[in-house]
Amino acid sequence: ILCNTCIFFQECSKKQKNDDTQSTSVDALSSNDGFEEKNEFHTLADAKILLSDCLACDNCMTSEEGARVFQQNQKELFRILNLNKKCDTSKHKVLAVSICPQSLPYFAAKFNLSVNDAAKRLCGFLKSLGVHYVFDTTIAADFSILESQREFVQRYQRRNQEEHALPMFASACPGWIRYAERVLTNLVTSRICTAKSPQQIMGSLVKGYFARQQNLSPDKIFHVIVAPCYDKKLEALREDFYTALYNSQEVDCVLTSGEIVQIMEQKNVSMKDVTEVAVDSLFDEIKEGDVVRHDGKRSDGYLEHIFKHAAKELFGMDVKEITYKALKNKDFQEVTLEKDGETVLRFAAAYGFRNIQNMVLKLKKGKFLYHFVEVLACPGGCLNGKGQAQTEDGKPDKALLNQMEEVYAAIPVRLPETNMHVQKMYQDWLEGMDSKKVQETLHTKYSAVNQTASNLDIKW
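Values in this document were obtained by computation on a predicted structure and should not be read as measured data. (Residues numbered from 1 in each chain as written. Predicted model: local features only at pLDDT ≥ 70, side-chain atom pairs only at ≥ 80, totals over all residues. Heavy atoms only, no water.)

**Here's the deal with the environment of Ala 108**
Put simply, the rule reads: A run of H or I in DSSP counts as a helix once it spans at least four residues, and a run of E counts as a strand once it spans at least two, with each numbered from the N terminus. Relative accessible area decides the class of each residue, using a 1.4 Å probe on protein chains only: under 20% of the type maximum gives buried, over 50% gives exposed, and in between gives partly exposed.
On the secondary structure map, Ala 108 appears in helix H7 (residues 104–110). The class for Ala 108 is buried, based on a relative accessible area of 1%. Considered as a pair, Ala 108 and Ala 119 are 11 residues apart in the sequence and their alpha carbons are 8.2 Å apart.

**A short note on the sheet that holds strand E11 (residues 372–376)**
Pairing between the strands of a sheet comes from backbone hydrogen bonds, and it takes one of two forms, parallel or antiparallel. To be explicit about the condition: When DSSP finds at least two bridges between two strands, those strands are taken to pair. Here, two residues are considered to be in contact whenever any of their heavy atoms come within 4.5 Å of each other. Only the stretch in contact is used when fitting a helix axis, every axis being a line fitted to C-alpha atoms; angles between N-to-C directions are given from 0 to 180 degrees.
Here five strands make up an open sheet; going across it, the order is E3-E11-E10-E9-E8 and the pairing mixed. Two strands close off the open sheet at either side, each with one partner strand: strand E3 (168–169) and strand E8 (325–329). Strand direction decides the pairing type here: strand E9 (residues 332–339) and strand E10 (residues 342–351), joined by eight bridges, are antiparallel. Directly across from Glu 338, in E10, lies its bridge partner Thr 343. Contacts from helix H15 (residues 302–315) reach E3, E9, E10 and E11, with the element oriented near 165° to E10.

**Brief notes about the pattern of salt bridges**
Pairing is possible between side chains that carry opposite charge, provided their charged atoms lie close to one another. The line we're drawing: Think of a salt bridge as a Lys or Arg side-chain nitrogen and an Asp or Glu carboxyl oxygen that are within 4 Å of each other.
Throughout the structure, instances matching the rule amount to 18 salt bridges. Among the salt bridges present, the one from Arg 121 reaches Glu 276, with a minimum N-O distance of 3.5 Å. Of this pair, Arg 121 sits in helix H8 (residues 115–129) while Glu 276 sits in the loop between helix H14 (257–266) and H15, and the two are 155 residues apart along the sequence. Here Lys 308 makes a salt bridge to Asp 295, at a shortest N to O gap of 3.0 Å. Linking Lys 308 in helix H15 with Asp 295 in the loop between H14 and H15, this pair joins segments that are 13 residues apart in sequence. Residue Asp 295 is classed as buried on the basis of its relative accessible area of 13%. In the salt-bridge network here, residues are joined through shared partners; they are Lys 127, Asp 280 and Lys 287.

**Some remarks on the state of the cysteines**
This is how the line gets drawn: Two cysteine sulfurs form a disulfide in these notes if their separation is within 2.5 Å.
For the structure on display, the rule yields zero disulfides. Left unpaired, Cys 229 is separated from the closest cysteine sulfur, that of Cys 378, by 5.7 Å. Take Cys 229: its relative accessible area is 10%, and that puts it in the buried class.

**Points about the sheet that holds strand E7 (residues 253–256)**
A sheet is described by the order of its strands in space; here four strands give the open sequence E2-E1-E4-E7, paired in parallel fashion. Looking at the sheet topology across the chains shown, the edges are occupied by strand E2 (133–136) and E7. On average, adjacent strands in this sheet sit at an angle of 25° to one another, irrespective of strand direction. Sheet strands in contact with H8 are strand E1 (94–99) and E2, and its direction is about 150° off that of E2.

If you want it as structure tokens, here you go:
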């Protein structure tokens, strides 16, 4: 299976799947690791998570990065679980798992559960393995959206003074970010919103805020993200996602939703037989309530939240409902705001590589009219991540995806501005909304590297 990042590149030299490669990339979990596996686990794991086909691309991945991505598998999770069973408490880790909102509809649809039941049963399963805390990353998306909203307004106000202020591109999708940094010029990367993605912010919350609350050193926490796509594994390796003082990544391991199901299958566990356990909160002994989401039918809703916020802040207009206009295809849509007969805001959602490439070509030709673009590598958005919405032969599972979209759309929407925990953390942890700590904790920078002139000549 190719991760989304590598599909961007013009040529991806394929490695031969020899025995050495397979043993390096998957290295099936042995009984010595405390995971009673059956022989068929080798085949199951290879089929689901073998990435050597795309990691051979010199433009995309260094050998060191490839080795570190391969370490992010079920074996690493069980290595930590077994470490915690041994007598040497100095090596024990607090194991925390954070679940992306777009993963929960997958478990709900796959096992015919409500999304709230799926969240609680998934939490129960993970804790039965030995996980100490299970978190929902929606709060991290709250921070990311709020920071993106503020940055867009600031960029709009500077648009006549700064050449690259607009358009602003969303920064939540690691496949898009990888492509922009490795293939595109600073003409594009300088326009990417500096707000960290929800995964990156969740890393800061768990190993920053939560660690401090629990009086733990960040390196004593092993933080796992459950995500819809493989590109999140790459994102976890970013240098700006690393705390040198503690020699600790803020996310230690990313497992896709499908990889969690593999563990269930291997242990012969059904979600419907698992005891429900309430999802943990970052705040003392509080437990999470019902699952909530942000505006946007197939994503974290950056476009909708930023559009409504900008309409209010810049033009004093209170937008309740947004009307999408599909252009060339359903994965390229635009939203406009008119005032006094003039179009004052023009936003777009560009999902999938064809739409992204066309968008970049128009930008380079100076024919780009949009102020903001929500960019996602997967056609159909995050729910269609290759780590969950795929059949056994690697093709999109359209029936399951349709169910997932219905489940996700039915989840109640909560505005990030209304999350009182977020507002309190801005004041108590981040020292105010305009503080230096906010910039250090919630923002990063993106810049072009390893330019390849011919990469925009990809033939689709």
